[in-house]
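Examining the three-dimensional arrangement
Chain residues, written in single-letter form:
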Amino acid sequence: MAPVVSDLLYGEGDALTVAVIAARIGSKGLPRKNLCEVRGKPLVAWSVEDAMGSIYVDHVVLTTDDTDISDAACDEVAKFREATDNERPSYHCYYRSHAESGDEAPVDAAARHGLDCWEIANDLQGKTKYVAILYGNVAYRPMGLIDQALLLLDKTGCDSVQSVYPVGKMHPLWMRTVDPVDGALRPYEPNSVYRRQDLPPLYMIDGGALVMTRSCLYTVDPNNPHAYLGYDRRAVITEPGQVMDIDTAEDLSLACRVTREPLAHTGAYRCIQSHKGA
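Calculation rules
- Residues numbered from 1 in each chain as written.
- Predicted model: local features only at pLDDT ≥ 70, side-chain atom pairs only at ≥ 80, totals over all residues.
- Heavy atoms only, no water.
- Helix = DSSP H or I, 4+ residues; strand = E, 2+ residues; numbered from the N terminus.
- Buried < 20%, exposed > 50% of the residue type's maximum accessible area, 1.4 Å probe, protein only.
- Contact = heavy atoms within 4.5 Å.
- Areas by Shrake-Rupley, 256 points an atom, 1.4 Å probe, with all protein chains shown as cover.
- Phe/Tyr/Trp six-rings, centres within 6.5 Å; stacked < 30°, edge-to-face > 60°.
- Lys NZ or Arg CZ within 6 Å of the ring centre and 35° of its normal.
- Pairing = 2+ DSSP bridges.
- Patch = residues over 30% accessible without salt bridge, like charges linked within 9 Å, V, L, I, M, F, W, Y side chains within 5 Å.
- Salt bridge = Lys/Arg side-chain N within 4 Å of Asp/Glu carboxyl O.
- pLDDT = per-residue confidence, 0-100.
- Axes fitted to C-alpha atoms, helices over the stretch in contact; angles between N-to-C directions.

Scanning the chain from terminus to terminus reveals six helices and 15 strands. For the chain, with 278 residues in total, the buried portion stands at 46%. Within the chain, contacts between residues separated by at least 24 positions form 75% of all contacts whose residues are at least 6 apart in sequence. A total of about 14,500 Å² of accessible surface is found on the chain, and carbon and sulfur atoms cover 54% of it.

Have a look at this one:
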(Lines give C-alpha, C1' and ligand atoms only; values in the text may rest on other atoms or scores of the structure.)
Protein backbone atom coordinates (compact mmCIF):
# COMPACT_ATOMS: atom_id res chain seq x y z
CA MET A 1 0.00 0.00 0.00
CA ALA A 2 1.29 3.44 -0.86
CA PRO A 3 2.22 5.73 2.04
CA VAL A 4 -0.37 8.28 3.05
CA VAL A 5 0.68 11.69 1.79
CA SER A 6 -0.93 14.94 0.83
CA ASP A 7 -2.99 15.16 -2.36
CA LEU A 8 -0.22 17.26 -3.87
CA LEU A 9 1.70 14.12 -4.77
CA TYR A 10 -1.26 12.58 -6.54
CA GLY A 11 -1.57 15.31 -9.14
CA GLU A 12 -4.80 16.75 -7.77
CA GLY A 13 -5.87 20.10 -9.18
CA ASP A 14 -2.84 22.23 -10.02
CA ALA A 15 -0.36 20.01 -8.20
CA LEU A 16 1.43 17.87 -10.78
CA THR A 17 4.69 16.01 -10.28
CA VAL A 18 6.88 15.64 -13.36
CA ALA A 19 10.05 13.59 -13.70
CA VAL A 20 12.48 14.95 -16.29
CA ILE A 21 15.17 12.57 -17.56
CA ALA A 22 18.16 14.39 -19.04
CA ALA A 23 20.15 12.21 -21.43
CA ARG A 24 22.47 13.53 -24.13
CA ILE A 25 24.55 11.60 -26.64
CA GLY A 26 27.82 13.44 -26.06
CA SER A 27 30.28 12.34 -23.38
CA LYS A 28 34.03 12.82 -23.12
CA GLY A 29 34.68 10.18 -20.49
CA LEU A 30 32.64 7.38 -22.08
CA PRO A 31 31.37 7.96 -25.63
CA ARG A 32 27.60 7.45 -26.05
CA LYS A 33 27.44 6.35 -22.42
CA ASN A 34 23.65 6.67 -22.13
CA LEU A 35 23.34 3.90 -24.73
CA CYS A 36 25.94 1.57 -23.22
CA GLU A 37 24.43 -1.77 -22.33
CA VAL A 38 24.07 -2.53 -18.64
CA ARG A 39 22.57 -5.90 -17.76
CA GLY A 40 20.80 -6.35 -21.04
CA LYS A 41 19.49 -2.90 -21.83
CA PRO A 42 20.73 0.63 -22.59
CA LEU A 43 21.83 2.67 -19.59
CA VAL A 44 19.14 5.33 -20.06
CA ALA A 45 16.45 2.63 -19.85
CA TRP A 46 17.15 2.12 -16.15
CA SER A 47 16.27 5.73 -15.34
CA VAL A 48 13.16 5.41 -17.50
CA GLU A 49 12.18 2.34 -15.49
CA ASP A 50 12.74 4.15 -12.19
CA ALA A 51 10.67 7.15 -13.30
CA MET A 52 7.83 5.06 -14.69
CA GLY A 53 7.79 2.92 -11.55
CA SER A 54 7.51 5.88 -9.16
CA ILE A 55 4.34 5.99 -7.08
CA TYR A 56 4.10 9.77 -7.06
CA VAL A 57 5.29 10.83 -10.52
CA ASP A 58 2.37 11.84 -12.75
CA HIS A 59 4.28 12.46 -15.98
CA VAL A 60 7.69 11.41 -17.31
CA VAL A 61 9.56 13.62 -19.78
CA LEU A 62 12.75 12.74 -21.63
CA THR A 63 14.86 15.60 -22.97
CA THR A 64 17.57 14.49 -25.38
CA ASP A 65 19.47 15.41 -28.51
CA ASP A 66 19.58 11.92 -30.01
CA THR A 67 17.03 9.65 -31.70
CA ASP A 68 18.76 6.46 -30.56
CA ILE A 69 18.34 7.54 -26.94
CA SER A 70 14.68 8.39 -27.49
CA ASP A 71 14.13 5.03 -29.22
CA ALA A 72 15.72 3.17 -26.30
CA ALA A 73 13.53 5.09 -23.84
CA CYS A 74 10.36 4.41 -25.85
CA ASP A 75 11.19 0.69 -25.91
CA GLU A 76 11.49 0.68 -22.13
CA VAL A 77 8.18 2.51 -21.72
CA ALA A 78 6.51 -0.07 -23.96
CA LYS A 79 7.93 -2.89 -21.83
CA PHE A 80 6.66 -1.16 -18.70
CA ARG A 81 3.16 -0.80 -20.14
CA GLU A 82 3.10 -4.44 -21.20
CA ALA A 83 4.37 -5.71 -17.85
CA THR A 84 2.07 -3.58 -15.70
CA ASP A 85 -0.95 -2.87 -17.90
CA ASN A 86 -0.69 0.62 -16.45
CA GLU A 87 -1.10 3.84 -18.44
CA ARG A 88 0.19 6.00 -15.60
CA PRO A 89 2.45 7.91 -15.61
CA SER A 90 2.29 9.43 -19.05
CA TYR A 91 5.47 9.57 -21.13
CA HIS A 92 6.73 12.30 -23.47
CA CYS A 93 9.98 12.98 -25.36
CA TYR A 94 11.31 16.32 -26.57
CA TYR A 95 14.45 17.09 -28.54
CA ARG A 96 16.92 19.83 -27.76
CA SER A 97 19.64 21.04 -30.09
CA HIS A 98 23.23 19.87 -29.84
CA ALA A 99 24.12 23.42 -28.84
CA GLU A 100 21.82 23.03 -25.82
CA SER A 101 23.36 19.66 -24.98
CA GLY A 102 27.08 20.42 -24.87
CA ASP A 103 29.52 19.68 -22.06
CA GLU A 104 28.81 23.06 -20.45
CA ALA A 105 25.02 22.77 -20.57
CA PRO A 106 23.77 22.58 -16.94
CA VAL A 107 21.27 19.90 -15.95
CA ASP A 108 18.78 22.47 -14.66
CA ALA A 109 18.64 24.09 -18.13
CA ALA A 110 17.92 20.68 -19.64
CA ALA A 111 15.17 20.12 -17.08
CA ARG A 112 13.59 23.50 -17.83
CA HIS A 113 13.68 22.67 -21.54
CA GLY A 114 11.85 19.39 -21.02
CA LEU A 115 9.31 20.87 -18.64
CA ASP A 116 8.68 23.91 -20.86
CA CYS A 117 8.02 21.68 -23.86
CA TRP A 118 5.64 19.43 -21.92
CA GLU A 119 3.70 22.25 -20.26
CA ILE A 120 3.28 24.17 -23.51
CA ALA A 121 2.28 21.07 -25.48
CA ASN A 122 -0.37 20.21 -22.90
CA ASP A 123 -1.48 23.78 -22.12
CA LEU A 124 -0.34 23.37 -18.52
CA GLN A 125 2.05 26.28 -18.17
CA GLY A 126 2.94 26.73 -14.52
CA LYS A 127 0.73 23.87 -13.34
CA THR A 128 3.61 21.67 -12.20
CA LYS A 129 4.21 21.59 -8.44
CA TYR A 130 7.27 19.35 -8.09
CA VAL A 131 10.02 18.32 -10.47
CA ALA A 132 12.28 15.28 -10.20
CA ILE A 133 15.46 15.46 -12.29
CA LEU A 134 16.90 12.10 -13.27
CA TYR A 135 20.33 11.73 -14.82
CA GLY A 136 20.22 9.32 -17.74
CA ASN A 137 23.56 7.78 -16.76
CA VAL A 138 22.46 6.39 -13.37
CA ALA A 139 22.22 2.61 -13.54
CA TYR A 140 21.14 1.87 -9.97
CA ARG A 141 19.01 3.60 -7.37
CA PRO A 142 17.76 2.19 -4.04
CA MET A 143 14.17 0.98 -3.96
CA GLY A 144 11.76 3.92 -3.76
CA LEU A 145 14.47 6.58 -3.61
CA ILE A 146 12.65 9.03 -5.90
CA ASP A 147 9.43 8.70 -3.93
CA GLN A 148 11.28 9.09 -0.63
CA ALA A 149 12.75 12.37 -1.84
CA LEU A 150 9.35 13.60 -3.07
CA LEU A 151 7.74 12.71 0.25
CA LEU A 152 10.36 14.70 2.15
CA LEU A 153 9.94 17.66 -0.21
CA ASP A 154 6.18 17.65 0.35
CA LYS A 155 6.29 16.99 4.09
CA THR A 156 8.83 19.68 4.97
CA GLY A 157 7.90 22.33 2.43
CA CYS A 158 11.59 22.75 1.62
CA ASP A 159 12.97 23.94 -1.70
CA SER A 160 14.81 20.82 -2.82
CA VAL A 161 15.93 17.34 -1.77
CA GLN A 162 19.02 15.46 -2.94
CA SER A 163 20.30 11.99 -2.16
CA VAL A 164 23.70 11.70 -0.49
CA TYR A 165 25.90 8.97 0.94
CA PRO A 166 28.41 9.05 3.86
CA VAL A 167 31.99 9.45 2.69
CA GLY A 168 33.27 7.16 5.45
CA LYS A 169 37.05 6.83 5.55
CA MET A 170 37.36 8.76 2.26
CA HIS A 171 37.14 11.84 4.44
CA PRO A 172 38.85 15.19 3.70
CA LEU A 173 40.46 15.09 7.15
CA TRP A 174 42.33 11.96 6.11
CA MET A 175 43.34 13.22 2.68
CA ARG A 176 46.84 14.38 1.85
CA THR A 177 48.54 16.66 -0.65
CA VAL A 178 51.77 15.79 -2.42
CA ASP A 179 54.17 18.62 -3.15
CA PRO A 180 54.92 18.59 -6.89
CA VAL A 181 58.51 19.73 -6.28
CA ASP A 182 59.89 17.66 -3.41
CA GLY A 183 57.11 15.06 -3.03
CA ALA A 184 56.43 16.01 0.58
CA LEU A 185 53.23 14.49 1.97
CA ARG A 186 51.10 16.90 4.00
CA PRO A 187 47.58 16.87 5.48
CA TYR A 188 45.03 18.49 3.20
CA GLU A 189 43.48 19.94 6.35
CA PRO A 190 45.63 19.70 9.49
CA ASN A 191 43.88 17.78 12.29
CA SER A 192 44.46 15.21 15.02
CA VAL A 193 41.74 12.69 14.18
CA TYR A 194 43.14 9.14 14.11
CA ARG A 195 40.04 6.97 14.59
CA ARG A 196 37.41 6.61 11.90
CA GLN A 197 34.59 6.82 14.44
CA ASP A 198 35.86 10.26 15.44
CA LEU A 199 35.55 11.71 11.97
CA PRO A 200 32.72 14.26 11.72
CA PRO A 201 29.92 12.98 9.45
CA LEU A 202 30.23 14.22 5.88
CA TYR A 203 28.21 13.27 2.82
CA MET A 204 28.69 13.24 -0.93
CA ILE A 205 25.91 13.91 -3.45
CA ASP A 206 25.31 10.72 -5.44
CA GLY A 207 22.92 11.85 -8.19
CA GLY A 208 20.29 9.23 -7.43
CA ALA A 209 17.50 11.64 -6.53
CA LEU A 210 17.20 15.37 -7.19
CA VAL A 211 13.77 16.91 -6.63
CA MET A 212 12.65 20.48 -6.21
CA THR A 213 9.67 22.79 -6.47
CA ARG A 214 8.93 24.20 -9.89
CA SER A 215 9.49 27.74 -8.65
CA CYS A 216 13.01 26.86 -7.53
CA LEU A 217 13.85 25.15 -10.83
CA TYR A 218 13.04 28.41 -12.60
CA THR A 219 15.24 30.49 -10.31
CA VAL A 220 18.24 31.34 -12.48
CA ASP A 221 21.21 33.37 -11.22
CA PRO A 222 24.35 33.60 -13.41
CA ASN A 223 26.41 34.14 -10.27
CA ASN A 224 24.96 31.12 -8.48
CA PRO A 225 24.78 27.98 -10.63
CA HIS A 226 22.89 26.12 -7.91
CA ALA A 227 20.21 28.76 -7.39
CA TYR A 228 17.65 26.30 -8.76
CA LEU A 229 18.05 24.26 -5.57
CA GLY A 230 16.71 27.10 -3.43
CA TYR A 231 17.80 27.96 0.10
CA ASP A 232 16.15 25.23 2.15
CA ARG A 233 17.89 22.09 0.90
CA ARG A 234 17.30 18.69 2.50
CA ALA A 235 18.76 15.22 2.01
CA VAL A 236 17.84 11.57 1.90
CA ILE A 237 20.76 9.34 2.85
CA THR A 238 21.76 6.25 0.88
CA GLU A 239 24.50 3.75 1.56
CA PRO A 240 27.78 3.83 -0.38
CA GLY A 241 27.38 1.98 -3.64
CA GLN A 242 23.58 1.97 -3.69
CA VAL A 243 23.55 4.62 -6.41
CA MET A 244 25.77 3.95 -9.40
CA ASP A 245 26.33 6.62 -12.01
CA ILE A 246 28.32 5.75 -15.11
CA ASP A 247 30.97 8.21 -16.33
CA THR A 248 33.94 6.00 -17.19
CA ALA A 249 34.70 2.57 -18.62
CA GLU A 250 35.57 1.45 -15.08
CA ASP A 251 32.15 2.54 -13.82
CA LEU A 252 30.50 0.60 -16.63
CA SER A 253 32.49 -2.53 -15.90
CA LEU A 254 31.46 -2.41 -12.24
CA ALA A 255 27.80 -1.80 -13.07
CA CYS A 256 27.78 -4.84 -15.33
CA ARG A 257 28.89 -6.99 -12.38
CA VAL A 258 25.93 -5.94 -10.25
CA THR A 259 22.54 -7.60 -10.57
CA ARG A 260 19.53 -5.35 -10.41
CA GLU A 261 16.63 -7.54 -9.31
CA PRO A 262 13.12 -6.18 -10.02
CA LEU A 263 10.61 -6.16 -7.19
CA ALA A 264 6.88 -6.14 -8.01
CA HIS A 265 5.79 -3.62 -10.66
CA THR A 266 7.33 -0.46 -9.28
CA GLY A 267 10.71 -0.74 -10.92
CA ALA A 268 12.29 -1.12 -7.48
CA TYR A 269 15.12 -3.59 -6.99
CA ARG A 270 17.75 -5.08 -4.82
CA CYS A 271 21.41 -4.73 -5.74
CA ILE A 272 23.34 -7.99 -5.56
CA GLN A 273 27.04 -8.11 -6.28
CA SER A 274 27.87 -10.73 -8.86
CA HIS A 275 31.26 -12.42 -8.71
CA LYS A 276 30.96 -14.17 -12.04
CA GLY A 277 34.00 -13.46 -14.12
CA ALA A 278 35.58 -11.46 -11.32
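Picking up where we left off.
Bringing the packing of aromatic side chains into the picture now. Scanning the entire structure with this criterion turns up zero aromatic pairs. In this arrangement the basic side chain of K41 is found over the ring face of W46, its NZ or CZ atom lying 3.9 Å from the centre. Positioned above the aromatic ring of Y218 is the side chain of R214, whose terminal nitrogen or guanidinium carbon lies 4.2 Å from the ring centre.

Moving on, we come to the pairing of strand β1 (residues 16-23). Within β1, eight of the eight residues are buried, which leaves the element mostly enclosed by the surrounding structure. The side-chain alternation of β1 yields two buried faces, one formed by L16, V18, V20 and A22 and the other by T17, A19, I21 and A23. Across seven bridges, β1 lies against strand β6 (residues 128-135) in parallel orientation. Following the sheet pairing, L16 is matched in β6 by T128. Relative to strand β4 (residues 59-64), β1 runs parallel, the two sharing six bridges. Looking across to β4, one finds that I21 is bridged to L62.

Examined against the element boundaries, R112 turns out to sit in helix α3 (residues 107-121). Note on R112: relative accessible area 13%, which makes it buried. Residues in contact with R112, not counting those within four places in the same chain, are L217, Y218, V220 and Y228.

Now for a nonpolar patch on the surface. Taken together, M170, M175 and Y188 make up a surface patch of nonpolar side chains, about 360 Å² in accessible area. Its location among the elements puts Y188 in the loop between β10 (185-187) and β11 (203-213). Classification of Y188 as exposed rests on a relative accessible area of 53%.

Residue-level pLDDT values for the chain average 86, and 87% of them are 70 or greater. Throughout residues 1-8 the model reports pLDDT below 50, and contacts reaching past four residues in sequence, or to other chains, amount to 17 contacts. Confidence over residues 262-278 falls short of pLDDT 50; this stretch has 42 contacts with residues more than four positions distant or in other chains.

Tracing the sequence through the fold places Y228 in the loop between α5 (214-217) and β12 (233-237). Given a relative accessible area of 5%, Y228 falls into the buried group. Those residues in contact with Y228 that lie beyond four places of it in its chain are V107, D108, R112, I133, L210, M212, C216, L217 and T219.

Moving on, we come to the sheet that holds strand β5 (residues 90-95). Read across the open sheet, the seven strands follow the order β5-β4-β1-β6-β11-β8-β12; overall the sheet is mixed. Bordering the open sheet on either side are β5 and β12, each of which pairs with just one other strand. Direction aside, neighbouring strands of the sheet carry axes that sit 25° apart on average. Looking at chain direction, β4 and β5 are connected through six bridges and run parallel. Bridging across to β5, V60 finds its partner in Y91. Of the strands in this sheet, β1, β4, β5 and β6 touch helix α1 (residues 43-52), which is tilted by about 175° from β1. Helix α4 (residues 145-156) contacts β1, β6, β8 (160-166), β11 and β12 of the sheet and is inclined by roughly 60° relative to β11.

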